[in-house]
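Residue-level structure breakdown
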Amino acid sequence: MSAWLEAGFVTHRPRAIAALTRVFRNIDLAEEAFADACVKAVADWPRTGTPTDPFAWLLTVARNAGLDRVRKTTRRSAILDRNAEWLKMQDIDEPDLPDPNAVRDDVLRLLFICCHPALARQDQLALALKVVAGLSVPEIARAFLVKPKTMEQRLTRAKRTIAANTVPFETPSPQDRARRLGEVSLMVYLMFNEGWSTSGGDAQIRLSLCNEAIRLARLLLELFPGMSEQAALLALLLFQHARHPARMDDRGTLLTLEQQDRGLWDRAAINEAVSLLQKAERSGQSAPYQIQAAIAAVHALAPTAQQTDWHKIEALYAALYALQPTPVVRLNWIAAIAKIQGADVALDEMAALEEPLAGYRWFHTMRAAFLAETGQAQAAHAAYETALTLAPTGPERTIIQRNMVACQENL
Amino acid sequence: MMYSVLIYSEAGVFDQLPKEAQDRVMAGHQALQKALGARGDFMSVKLMPPSSAVTVEPAATPESPPLVVDGPFADTKEAFLGFYAAEFANLDEALEHARMISSPIARIEVRPIAWAGGVMSSEPQNVGVA
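Residues numbered from 1 in each chain as written. Chains lettered and ligands numbered in written order. Predicted model: local features only at pLDDT ≥ 70, side-chain atom pairs only at ≥ 80, totals over all residues. Heavy atoms only, no water.

Overview of the overall build of chain B
Along chain B, the regular secondary structure elements total 3 helices and 6 strands. Its C-alpha atoms give chain B principal-axis dimensions of about 50 × 35 × 30 Å. The buried share among the 130 residues of chain B stands at 28%. Only carbon and sulfur atoms are counted for the fraction: they give 57% of the accessible area of chain B, which is about 8,400 Å². With 9 positive and 16 negative side-chain charges, chain B shows a separation of 7 Å between the mean positions of the two kinds. (Helix = DSSP H or I, 4+ residues; strand = E, 2+ residues; numbered from the N terminus. Buried < 20%, exposed > 50% of the residue type's maximum accessible area, 1.4 Å probe, protein only. Areas by Shrake-Rupley, 256 points an atom, 1.4 Å probe, with all protein chains shown as cover. Lys, Arg positive; Asp, Glu negative; His and termini not counted. Charge placed at Lys NZ, Arg CZ, Asp CG, Glu CD.)

The following block contains the structure:
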């Protein structure tokens, strides 16, 4: 029975922890109080029946439990002063829900606290996984391929850092809210990429990062259903994730889009992504996640790799570059140009990126592929060698080495 | 009479269940689909998450067009996730079938159908985007 209940606790957790953090101004206390409420629910609900509004019940019980804990500490007076009215012990039978708009800002604030600029990116992700998603420390440690002990220390340090650099708890201004949403969306996007890029580890384990990123993207869209970029972000992640069953062969070798068995792609995920993208496109704006989702849609909807509409992809990358003129976007744009105008043109266009992307291994593998395509096997071999020095993942290394052998055969 | 078997749950809870519990829920649906298939025509609908929805709000005045808005807005309470529709001899028989898909995470509502039309089926497949 408790497994069924716990599944529900996980879905309530972000809003509950967020609301409790606003009251207690302390993430640890919020987590402890919510855990207390879950323990009580597991004990009570099978006997009394599930309450009509489980979220309200959990929040009320957690608030009371937190208050109990506060009473035993010196933090008490400040917290009581701040919330004197609200912090009376609440009657479980008559729980009152906080305003959904306030909870929405609470969740956003909590995620925004997690992506505090004083924290390293990986620690931001780890903190969000722990506090918001409710993953255990060993689970997070596994996802980042470190020892649980190490992760525990990193999380403790991260919490100490954010405690010293507080984010205001007042209702944010519209500008602040937009900025927070932008930062938090980027964190979700990077969490997915962290899982997707399988940096040196077991792909199956890393999938949990992708799944949690998708859950957070869903949460953001639930909270901000009118924001087309939130629908687009979720669409983008779903398009990408739909390909994971086809991404590797039986021996764990990464397969390119051309090589993948498209019959293995998750059609249900693609359909949902399409419907979300259509919703986003209704806004009439063209924003970065939406363009990236539209690019992913072209791939997802092409029946075969040969039928990919590269002209559409090229135009979309041009639009993305107008919004985000970064070397990496330019590189992807050039990859699309190569499909239309050939490797020679692409190599010319890439020359300008040589300096800004010197440390980017994909620049070198792409350049190597174009060099090989245009019969410059020796230069291609050298470019692959450079890529090998830039810490490729295990599966990538295998492919690079295979391509190097092919280059040598063509010398 | 035709009855509908309506499924309400908190969106996303199913995905958080351990594998065994998910299998149990799915086994219930497979059993129901098999039983209904053996009896004749039926319809089953699984909806995408509420976040994929767009709402057509009633027009403010009879002259103005209805308002199309994103959402429904965030609500942690249960959502309408899908339904079955089939012919049953009576309420007892409909309830007997509804019990097959009962689980701790779902509330199942059995409601008689006043009118039904159309025939359709769909499997996830390639769809178009503008």
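So, helix α3 (residues 54-71) of chain A
With 18 residues, α3 of chain A ought to run about 26 Å at 1.5 Å a step, and its terminal C-alpha atoms sit 26 Å apart, in line with that. Within α3 of chain A, 15 of the 18 residues are buried, which leaves it mostly tucked inside the rest of the structure. (Expected span 1.5 Å × (residues − 1).)

Quick word on a nonpolar patch on the surface
Residues and elements named next belong to chain B. Together, V54, V56 and V68 make up a nonpolar patch on the protein surface, roughly 220 Å² of accessible area in all. Position of V54 among the secondary structure elements: in strand β3 (residues 54-57). Since its relative accessible area comes to 34%, V54 is described here as partly exposed. (Patch = residues over 30% accessible without salt bridge, like charges linked within 9 Å, V, L, I, M, F, W, Y side chains within 5 Å. Salt bridge = Lys/Arg side-chain N within 4 Å of Asp/Glu carboxyl O.)

So, the domain arrangement of chain A
Residues and elements named next belong to chain A. The domain boundaries assigned to chain A delineate domain 1 (2-98), domain 2 (108-166 + 174-224) and domain 3 (226-241 + 265-301). On the domain 2 side, the residues contacting the 11 residues of domain 1 number 14 residues. Summed over the three residues of domain 1 that lose the most area to domain 2, namely P14, R15 and I27, the buried surface amounts to 44% of that side. At the boundary of domain 1 with domain 2, the tally comes to 4 salt bridges. K159 is the partner of E31 in a salt bridge, and the nearest nitrogen-oxygen pair spans 2.7 Å. Applying the counting rule to domain 1 against domain 2 returns 6 residue pairs in polar contact (both at pLDDT 80 or more). Counting only elements with at least two residues in the side of domain 1 that touches domain 2, the list comes to α1 (2-24) and α2 (27-48). (Domains from an automatic or database assignment. Contact = heavy atoms within 4.5 Å. Buried area = accessible area lost by both parts, 1.4 Å probe. Polar contact = N/O pair within 3.5 Å; in protein donor to acceptor, adjacent residues only side chain to side chain.)

Brief notes about the packing of helix α6 (residues 121-131) of chain A against helix α8 (residues 148-164) of chain A
Residue and element names in this part refer to chain A. Direction vectors running N to C along α6 and α8 enclose 95°, while the axes themselves pass 10 Å from each other. Classified by the angle between their axes, α6 and α8 sit roughly perpendicular to one another. Side by side, α6 and α8 meet where Q122, D123, A126, L127, K130 and V131 of the first sit next to M151, R154, L155, A158, K159 and I162 of the second. Here the contact of α6 with α8 is composed, by residue class, of 7 nonpolar, 1 polar and 4 charged. (Axes fitted to C-alpha atoms, helices over the stretch in contact; angles between N-to-C directions. Parallel < 35°, antiparallel > 145°, perpendicular 65-115°, else oblique. Nonpolar A, V, L, I, M, F, W, Y, C, P; charged D, E, K, R; others polar.)

Some remarks on the packing of aromatic side chains
Inspection of the entire model under this criterion finds 8 aromatic pairs over all chains. Seen from their ring centres, F192 of chain A and W196 of chain A are 5.7 Å apart, and the 20° between their planes marks the pair as stacked. One end of the pair, F192 of chain A, and the other, W196 of chain A, are both in helix α9 (residues 174-196), 4 residues apart, so they sit about a helical turn from each other. Exposure remark for F192 of chain A: the relative accessible area of 1% places this residue in the buried category. Here W196 of chain A falls in the buried class, since its relative accessible area comes to 10%. Where Y8 of chain B meets F80 of chain B, the ring centres are 5.4 Å apart and the plane angle is 35°; that geometry is what we call tilted. Here F80 of chain B lies in strand β5 (residues 79-87) and Y8 of chain B lies in strand β1 (residues 2-9), a separation of 72 residues in the sequence. Chaining the aromatic ring pairs together yields one cluster made of F9, W45 and W57 of chain A. When the ring centre of W333 of chain A is taken as origin, the NZ or CZ atom of R330 of chain A, which lies over that ring, is 4.7 Å away. (Phe/Tyr/Trp six-rings, centres within 6.5 Å; stacked < 30°, edge-to-face > 60°. Lys NZ or Arg CZ within 6 Å of the ring centre and 35° of its normal.)

Digging into the environment of A338 of chain A
Residue and element names in this part refer to chain A. Here A338 shows up in helix α15 (residues 327-341). Given the relative accessible area of 13%, A338 is considered buried. With 11 residues separating them in the primary sequence, A338 and E349 have C-alpha atoms 9.6 Å apart. Once residues lying within four places of it in the same chain are set aside, the contact partners of A338 are A343, A346 and F370.

As for the interface of chain B and chain A
Taken together, the contacts link 34 residues of chain B with 36 residues of chain A. Both sides together, the interface formed by chain B and chain A hides about 3,000 Å², and carbon and sulfur atoms give 63% of it. Taken together, chain B and chain A are joined by 0 salt bridges. Linking chain B with chain A are 3 residue pairs in polar contact (both at pLDDT 80 or more). Where the side of chain B that touches chain A is concerned, the elements lending two or more residues are α1 (13-16), α2 (19-39) and β4 (67-70) of chain B. A per-element tally of the side of chain B that touches chain A places α2 of chain B first, with 3 residues. For the side of chain B that touches chain A, a count of residues per class yields 20 nonpolar, 10 polar and 4 charged.

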